[in-house]
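# A closer look at the structure
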Amino acid sequence: MKNFPMFLRMSGRRVVICGGGTEAARKTRLVLKTEAEIVIVAEDLDPELVGLVASGRATHLTQAAPDTFANCALCFIATGEEETDLAFAALARAAGAVVNVVDRPEHCDAFTPSVVDRDPVVVAIGTEGMAPVLGRSIKTDIEVMLDPRLGAFAALAGRLRDAVAEKIAPAARRAFWEWAFTGAAFDKHRKGDEHAAADMLKAAIAQGQAPETKGRISLVGAGPGARDLLTLRAVRRMQEADVIFYDRLVDPDVLELARRDADRIYVGKEVGAHAWPQDKIDALIVAEAAKGLRVVRLKSGDPSIFGRAAEEIAAARAAGIEIEIVPGITAASAAAAAMTRPLTERGETDTFVITTGTCRPADAAPDWTPLARPGTTMAFYMAVDRAAQIEAHLLASGVPGDCPVEVVSSATTARERCLTTQLDGLAQALERNQMTSPAILLVRYAKGHAAMAQRPVAVS
Ligand code: SAH
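Residues numbered from 1 in each chain as written. Predicted model: local features only at pLDDT ≥ 70, side-chain atom pairs only at ≥ 80, totals over all residues. Heavy atoms only, no water.

Helices and strands together make up the secondary structure of the chain, namely 17 helices and 17 strands. Computed over the C-alpha atoms, the radius of gyration of the chain is 31 Å, more than 25% above the 23 Å expected from 2.2 N^0.38 for a compact globule of 460 residues. C-alpha atoms of the chain, sized along the principal axes, occupy 100 × 60 × 40 Å. Burial analysis of the chain (460 residues in total) assigns 43% to the buried set. Split by element, the accessible area of the chain, about 24600 Å² in all, is 54% carbon and sulfur. Taken as two groups, the 53 positive and 59 negative side-chain charges of the chain have centres that lie 4 Å from each other. (Helix = DSSP H or I, 4+ residues; strand = E, 2+ residues; numbered from the N terminus. Rg over C-alpha atoms; globule rule 2.2 N^0.38 Å. Buried < 20%, exposed > 50% of the residue type's maximum accessible area, 1.4 Å probe, protein only. Areas by Shrake-Rupley, 256 points an atom, 1.4 Å probe, with all protein chains shown as cover. Lys, Arg positive; Asp, Glu negative; His and termini not counted. Charge placed at Lys NZ, Arg CZ, Asp CG, Glu CD.)

Now for the UniProt feature "active site" (unreviewed entry) in the chain. UniProt annotation of "active site" (unreviewed entry) refers to Asp247 and Lys269 when read in the numbering used here. Mapped onto the fold, Asp247 is located in the loop between β9 (243–246) and α11 (252–255). According to the relative accessible area criterion, Asp247 is buried, its value standing at 17%. Setting aside its immediate chain neighbours within four residues, Asp247 contacts Tyr266, Val267, Gly268, Arg297, Leu298 and Ser300. (UniProt positions renumbered as here; feature names shortened; annotations may be inferred. Contact = heavy atoms within 4.5 Å.)

Turning next to the environment of Ala92. Structurally, Ala92 can be placed in helix α3 (residues 82–94). Considered as a pair, Ala92 and Ile168 are 76 residues apart in the sequence and their alpha carbons are 47 Å apart. Every residue in contact with Ala92, bar those within four places of it in the chain, is listed here: Phe69, Cys75, Ala97 and Val99.

Attention shifts here to the environment of Leu419. Within the secondary structure layout, Leu419 lies in strand β16 (residues 417–422). Given the relative accessible area of 11%, Leu419 is considered buried. The spatial distance from the C-alpha of Leu419 to the C-alpha of Met435 is 8.1 Å, given a sequence separation of 16 residues. Not counting residues up to four positions away in its chain, the partners in contact with Leu419 are Val405, Glu406, Val407, Ala429, Leu430, Asn433 and Met435.

With that out of the way, let us pick up the environment of Arg415. Inspection of the secondary structure assignment puts Arg415 in the loop between β15 (404–409) and β16. In this structure, the C-alpha to C-alpha distance between Arg415 and Arg14, residues 401 residues apart in sequence, is 57 Å.

Phe380, Leu394, Val407, Leu430 and Leu441 are the most contacted members of the largest nonpolar core, which totals 25 residues. Contributing elements (two or more residues each) for this core: β14 (376–381), α15 (387–396), β15, α16 (426–432) and β17 (439–445). Not counting residues within four places of it along the chain, the set of residues in contact with Leu441 comprises Met378, Ala379, Phe380, Ala383, Ile390, Glu406, Val407, Leu426 and Leu430. Counting residues in each nonpolar core, the second largest holds 23 residues, with Val164, Trp177, Ile205 and Ala210 among its members. (Core = buried A, V, L, I, M, F, W, Y, C linked by side-chain atoms within 4.5 Å.)

Here we take up the packing of helix α7 (residues 170–182) against helix α9 (residues 194–207). Contact geometry of α7 with α9 gives a least axis separation of 11 Å together with a crossing angle of 165°. One way to sum up the angle between α7 and α9 is to call them roughly antiparallel. The hand of the α7/α9 crossing is right-handed. Note on element contacts: α9 touches α7 through Met200, Leu201, Ala204 and Ile205, opposite Phe176, Trp179 and Ala180. Residues belonging to the contact of α7 with α9 are distributed by class as follows: seven nonpolar, no polar and no charged. (Axes fitted to C-alpha atoms, helices over the stretch in contact; angles between N-to-C directions. Parallel < 35°, antiparallel > 145°, perpendicular 65-115°, else oblique. Left-handed = near helix turned anticlockwise from the far one by under 90°. Nonpolar A, V, L, I, M, F, W, Y, C, P; charged D, E, K, R; others polar.)

The next subject is the sheet that holds strand β1 (residues 14–18). Strands sit in the order β3-β2-β1-β4-β5 across an open sheet of five strands; the sheet is parallel. Looking along the sheet, the strands with just one partner apiece sit at the ends: β3 (58–61) and β5 (98–101). Going from strand to strand, the sheet's axes swing by 20° on average, the running direction of each strand aside. In this sheet, strand β4 (residues 72–77) lies alongside β1 in parallel orientation, the contact comprising five bridges. Residue pairing for β4: Arg14 is matched across the bridge by Cys72. (Pairing = 2+ DSSP bridges.)

Right, let's get into the site of the ligand. Residues in close proximity to the ligand total 17 residues, the closest being Asp302, Ile305, Thr330, Ala411 and Ala439. One nitrogen or oxygen atom from the main chain of Ile305 is found 2.7 Å from a nitrogen atom belonging to the ligand. Here a nitrogen atom of the ligand sits 2.8 Å away from a polar atom, N or O, in the main chain of Ala411. Classifying every residue of the shell around the ligand gives 12 nonpolar, four polar and one charged. Lining the shell around the ligand are residues from two domains, each supplying at least three of them: domain 3 (216–329) and domain 4 (333–454). (Near = heavy atom within 4 Å. Polar contact = N/O pair within 3.5 Å; in protein donor to acceptor, adjacent residues only side chain to side chain. Domains from an automatic or database assignment.)

It is worth spelling out the sheet that holds β17 at this point. The strand order across the open sheet built from five strands is β13-β14-β17-β15-β16, with neighbouring strands paired in mixed fashion. Each edge of the open sheet is held by one strand with a lone partner, namely β13 (351–356) and β16. The mean inter-strand angle of the sheet, taken between neighbouring strand axes irrespective of direction, is 20°. The pairing of β13 with β14 spans six bridges and is classified as parallel. From the neighbouring strand, Phe352 faces β14, where its bridge partner is Thr377.

All right, on to a negative patch on the surface then. The grouping of Glu81, Glu82, Glu83 and Glu106 at the surface amounts to a negative patch. Locating Glu106 in the fold gives a position in the loop between β5 and β6 (114–118). The class for Glu106 is exposed, based on a relative accessible area of 57%. (Patch = residues over 30% accessible without salt bridge, like charges linked within 9 Å, V, L, I, M, F, W, Y side chains within 5 Å. Salt bridge = Lys/Arg side-chain N within 4 Å of Asp/Glu carboxyl O.)

Evaluation of the coordinates by the stated rule reveals 31 salt bridges. The shortest N-O distance in the salt bridge between Arg14 and Glu37 comes to 3.2 Å. A residue pair is termed long-range when its members are at least 10 positions apart, and Arg14 in strand β1 and Glu37 in strand β2 (residues 37–41) qualify at 23 residues. You can call Arg14 buried: its relative accessible area is 18%. Linking Arg237 and Glu324 is a salt bridge whose minimum nitrogen-to-oxygen distance equals 2.5 Å.

Laid out in structure tokens, this is it:
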């Protein structure tokens, strides 16, 4: 480490900005977030700085006076002239200030990091000048991770520190703060109910301990595979979870988002194997939540679509366990994105149908005939092995043989493959191109296409 990160005290101190141009204005904007007194030394000021001086937040000097750098914590220099820059740097250093000469690293005592500001929580990122662009992109990642209301909640918790020290025994404090920053009070605050959050914290303090955490189950949509297609809420639930149950289609990358000490339990069904019947999964997730644990049941795509969520919801309700759905991006959306073609096209396809090729073992396949209308995009899930049946059924229902079909397998993963073909010969095309499960078949029966096609007489 060539530079050591520290946080400088700013309240009651002065920051001097030497220079009045756009660079000076940029540095001033950073300093504005602090409580420091701001002094700008420059002959001419950028309009933004003029406004700031007019508002009284900053003082303007056309030249440095002998006491300009007194009590100066930090001095930014950006006059644009090397000689002037160095003269200011010498004056500031002589007064004991930390100096940053913009764009002249060799004359800097300190460097400005990329900052994520959730005051009083502040994250500073530095790359020692090696990769500023990387620094900014890390900043973006952290901005996304940290809830915008985190700072206000941390400030509220900070105001209660003394009360905690007084009312909660040292042995129970750690558990209290853990609950405070991950539990129901923070959830309330995030949803905008600051008063309820404060009341919950105060009630717990009055009790002398964190309330017992109630277990809950989250059915979380993991999306089609790519890690960055999870929602922010899904990521949060993963990080809060004590135990995660996942299945076959969930990408290992996605599991990496879990807390290191969370249990991860594979409940996937390999084709043909029945190690994890649904009722066993239902019983297990309920039993874990009943212990007071936060359970995530991670499901590929959207949990509400062919995800057997209904059984799990019923089991949780029967046991009086809180359960929620965190929606995800379903495979059909990912398939459309892979083809860069929307699922509905104005005037051509204004109905979108989600259906499956595979039902419960004893059930007949769905009747697709009423769905096979002109103006419809049909997304078939779990359909690779049933392609021949689907093809025959749709042709018999009057869908033209040259109706376009797109097939996308393992959408959004490194194994993604796309095929554009037509209804007639679909099963053969899948085989010839070795398109394997998991895949989505998108049958696009446009209105215009129907007008051109000759409809067969017999429909079976
Ligand atoms: N809940 C999931 C669907 C589960 S059923 C969702 O909303 O996407 C399993 C079927 O989903 C697979 O047979 C396949 O048809 C489809 N599927 C899941 N992930 C997929 C992916 N990455 N690419 C293409 N199809 C996928």
